[in-house]
Amino acid sequence: MKTRITQLTVAPEGADLYDDRSTHVSIDNEGGGEFIKVSQPSCAAEIRFDTEEWPTIRAAIDNIFEVCKR
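Keep in mind that this is a model prediction, so the values were computed, not measured. (Residues numbered from 1 in each chain as written. Predicted model: local features only at pLDDT ≥ 70, side-chain atom pairs only at ≥ 80, totals over all residues. Heavy atoms only, no water.)

Novice: Outline the environment of Val 25, supporting the account with residue identities and numerical values.
Specialist: Topologically, Val 25 is positioned in strand β2 (residues 23-29). Each C-alpha atom of the pair Val 25 and Ile 47 lies 9.7 Å from the other, and the pair is 22 residues apart in sequence. (Helix = DSSP H or I, 4+ residues; strand = E, 2+ residues; numbered from the N terminus.)

What follows is the structure, encoded as structure tokens:
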């Protein structure tokens, strides 16, 4: 047997797990191999990433944050 962490939740301190402001990052598998899923209780949609594409997507996200007006 092996214990695996398969989900992390990011939410404001003191918020419930399924607070509308929470974001769940999890490992999922629908029979074709594992992928990363990002979802929020307040949104019916979810985003999925293969592990091979994540470094490029993350770089693009980091890049766009650098040029985003604050």
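Let us keep going from here.
Novice: Pulling in residues and values, what's your account of a nonpolar patch on the surface?
Specialist: Among the surface-exposed residues, Trp 54, Ile 61, Ile 64, Phe 65 and Val 67 lie close enough to one another that they form a single nonpolar patch of about 490 Å² accessible area. Within the element layout of this structure, Val 67 appears in helix α1 (residues 54-67). (Patch = residues over 30% accessible without salt bridge, like charges linked within 9 Å, V, L, I, M, F, W, Y side chains within 5 Å. Areas by Shrake-Rupley, 256 points an atom, 1.4 Å probe, with all protein chains shown as cover. Salt bridge = Lys/Arg side-chain N within 4 Å of Asp/Glu carboxyl O.)

Novice: Which residues make up the sheet that holds β2, and what are the values?
Specialist: The strands making up a sheet are joined through hydrogen bonds of the backbone, oriented either antiparallel or parallel. The antiparallel open sheet is built from 4 strands, whose spatial order is β1-β2-β3-β4. Taken across any chain shown, the strands that pair with only one partner, and hence form the sheet edges, are β1 (7-10) and β4 (46-49). For this sheet, the mean inter-axis angle between neighbouring strands, taken without regard to orientation, is 20°. Bridging between strand β3 (residues 34-39) and β4 involves 4 bridges; their strand directions are antiparallel. Following the sheet pairing, Lys 37 is matched in β4 by Arg 48. (Pairing = 2+ DSSP bridges. Axes fitted to C-alpha atoms, helices over the stretch in contact; angles between N-to-C directions.)

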